[in-house]
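In case you want the letters, here they are:
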Amino acid sequence: MSSQSQPNPALGIAFMLIGITAISVNDTVIKFLSGGYPLHQMVFVRSAIGICFSLTIVQFEGGWSILRTARPGLHILRGLMIVVANMSFFTALAALSLAETTAIFFISPLLITLLSIPFLGEKVGPYRIGAVIVGLIGVIIVTRPWAGGAERDAPLFVYLLPIVGAFAYATTQLLTRKLGVTSRASALAVYLQGMFLVVGGLFWLVAGDGRYATQFDSPSMQFLFRAWTWPVDGDLWLFVVLGLVAGVVGYCMSAAYRMSNAATVAPFEYTGLPLAIFWGWVIFGDLPDLVTATGIALILASGLFVFLRERQLGRPVAAARRTQKRM
């Protein structure tokens, strides 16, 4: 935690809950729009709006000077990894339910625990190793690799996308912990939103005319490569919502980890899972079946156990996060 801010656990938890709620709204809107617009267009538009919000906050947190950094390479690398995490997650959303996609993505703390052994030289005991195994069993149950195509909501490779996203996110957190980041919350948001703008713009240059979309039958791949389309009146305000939410998420998630110990606020990220189930039911009429619900429960229980165990040990490796998820 930077010396620029004093610890405030209650405020940190409040920022976390606001940020997670904003993330759930973001994911719901993206899934809702995924049938008619390309992902890179949503990413570009929401980041363009969100960066304006973040730059406004920059003025209140110290002005343009706080955007200077001694480690631009670190911010670029972290930004790229967050882009991979986000794009993988959102691409899966086009074909999977909110609950399934969110649950699989939540193996990231378990991956952080495993990767901390070779990356950081941490010692991980049998309890946490056992929790990781339970969580991975939960992922296997949700993805059902043994099932035929008709028994799953999407091809197996689509279920692998949030796993790729979780791995990228876990790598980002370990990199952040190893190298350290002292930037203000608003500056962190600006760096990441800037990276999304660059990636979204490159996607537009390469695939913005939809030339590759016709080569795929998968809704996920069509979502990734569909041509840019000007939003109809009823959808235009949803793009604005995405931009505003991106600004809220970018600030709140960074502020939460700056204002409180990671072990205190990180478990509250798991409120995103019941929120995903709620929005999936209310908006899309999706509820997990018994098998999927069992896998989700195992992932949730194992992730929370790892958080609480590392908090008890005073080494919150899996909770060491200072960037924003799915912003």
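Residues numbered from 1 in each chain as written. Predicted model: local features only at pLDDT ≥ 70, side-chain atom pairs only at ≥ 80, totals over all residues. Heavy atoms only, no water.

Quick look at the overall build of the protein chain
If you tally the helices and strands in the protein chain, you get 13 helices and 0 strands. Overall, the protein chain shows an N-to-C arrangement of helices and strands of α-α-α-α-α-α-α-α-α-α-α-α-α. In the protein chain, buried positions account for 56% of the 327 residues. At a minimum sequence separation of 6, the contacts of the protein chain that also span at least 24 residues come to 86%. Summing over all exposed atoms, the protein chain offers an accessible surface of approximately 13,400 Å²; the carbon and sulfur share of this is 70%. (Helix = DSSP H or I, 4+ residues; strand = E, 2+ residues; numbered from the N terminus. Buried < 20%, exposed > 50% of the residue type's maximum accessible area, 1.4 Å probe, protein only. Contact = heavy atoms within 4.5 Å. Areas by Shrake-Rupley, 256 points an atom, 1.4 Å probe, with all protein chains shown as cover.)

Here's the deal with the pattern of salt bridges
Counting across every chain of the model gives 2 salt bridges. Linking Arg144 and Asp289 is a salt bridge whose minimum nitrogen-to-oxygen distance equals 2.7 Å. Highlighted residues: Arg144 in the loop between helix 6 (126-143) and helix 7 (156-179) and Asp289 in the loop between helix 12 (272-284) and helix 13 (290-313), separated in sequence by 145 residues. In this structure Asp289 comes out as partly exposed when scored by relative accessible area, which is 38%. Between Asp209 and Arg211 there is a salt bridge; the shortest N-O distance is 3.0 Å. (Salt bridge = Lys/Arg side-chain N within 4 Å of Asp/Glu carboxyl O.)

Things to note about helix 6
With 18 residues, helix 6 extends 26 Å from end C-alpha to end C-alpha; this agrees with the ideal 26 Å at 1.5 Å per step. The complete set of buried residues in helix 6 reads Arg128, Ala131, Val132, Gly135, Gly138, Val139, Ile141, Val142 and Thr143. Positive phi shows up at Arg144, right after helix 6, with a value of about 50 degrees. (Expected span 1.5 Å × (residues − 1).)

Thoughts on the packing of helix 1 (residues 9-33) against helix 10 (residues 233-259)
Relative to each other, helix 1 and helix 10 sit at 150 degrees, their axes nearing to 8 Å. By the angle class used here, helix 1 and helix 10 are roughly antiparallel. Between helix 1 and helix 10 the crossing geometry is left-handed. Split by residue class, the contact of helix 1 with helix 10 holds 27 nonpolar, 3 polar and 1 charged. (Axes fitted to C-alpha atoms, helices over the stretch in contact; angles between N-to-C directions. Parallel < 35°, antiparallel > 145°, perpendicular 65-115°, else oblique. Left-handed = near helix turned anticlockwise from the far one by under 90°. Nonpolar A, V, L, I, M, F, W, Y, C, P; charged D, E, K, R; others polar.)

What about unusual backbone geometry?
One non-glycine residue with positive phi stands out, namely Arg144, at about 50 degrees. Assessed through its relative accessible area of 14%, Arg144 is described here as buried.

Structural notes on the packing of aromatic side chains
Counted under the stated rule, the structure contains 11 aromatic pairs. With a centroid separation of 5.4 Å and 80 degrees between ring planes, the pair formed by Phe89 and Phe105 is classed as edge-to-face. A residue pair is termed long-range when its members are at least 10 positions apart, and Phe89 in helix 3 (residues 72-93) and Phe105 in helix 4 (residues 98-105) qualify at 16 residues. Residue Phe105 is classed as buried on the basis of its relative accessible area of 1%. With 6.2 Å between their ring centres and 70 degrees between their planes, Tyr212 and Phe225 make a pair best called edge-to-face. Separated by 13 residues along the polypeptide, Tyr212 in the loop between helix 8 (185-207) and helix 9 (219-225) and Phe225 in helix 9 bring together distant segments of the chain. With a relative accessible area of 19%, Phe225 lands in the buried category. When the ring centre of Phe284 is taken as origin, the NZ or CZ atom of Lys31, which lies over that ring, is 5.4 Å away. Positioned over the ring face of Phe196 is Arg46, at 5.4 Å from the centre of the ring. (Phe/Tyr/Trp six-rings, centres within 6.5 Å; stacked < 30°, edge-to-face > 60°. Lys NZ or Arg CZ within 6 Å of the ring centre and 35° of its normal.)

Brief notes about the environment of Gly247
For Gly247, the position within the fold is in helix 10. By relative accessible area, which is 0% here, Gly247 ends up buried. As a C-alpha pair, Gly247 and Ile51 span 196 residues in sequence and 6.6 Å in three-dimensional space. Not counting residues up to four positions away in its chain, the partners in contact with Gly247 are Gly50, Phe53, Ser54 and Gln193.

So, the nonpolar core
Counting residues in hydrophobic clusters, the biggest one holds 46 residues, and the most contacted among them are Phe15, Met16, Ile107, Val158 and Ile299. Listing elements by their share of this core, those giving two or more residues are helix 1, helix 4, helix 5 (108-120), helix 6, helix 7, helix 10 and helix 13. The biggest single contributor to this core is helix 10, with 9 residues. Excluding anything up to four places from it in sequence, Ile107 contacts Val139, Ile163, Ala166 and Ile299. Residues Ala85, Ala94, Leu98 and Val199 belong to the second largest nonpolar core, which totals 33 residues. (Core = buried A, V, L, I, M, F, W, Y, C linked by side-chain atoms within 4.5 Å.)

Observations regarding the environment of Phe284
Mapped onto the elements, Phe284 comes out in helix 12. For Phe284, a relative accessible area of 25% puts it in the partly exposed group. Linking Phe284 and Phe32, residues 252 residues apart in sequence, is a C-alpha distance of 8.4 Å. Once residues lying within four places of it in the same chain are set aside, the contact partners of Phe284 are Thr28, Lys31, Phe32, Leu98 and Trp279.

Overview of a nonpolar patch on the surface
Taken together, the side chains of Phe32, Phe278, Trp281, Val282, Ile283 and Leu287 make up a nonpolar region of the molecular surface, amounting to roughly 610 Å² of accessible area. Broken down by element, the residue count for the nonpolar patch peaks at 4 residues, all from helix 12. Note that Trp281 resides in helix 12. (Patch = residues over 30% accessible without salt bridge, like charges linked within 9 Å, V, L, I, M, F, W, Y side chains within 5 Å.)

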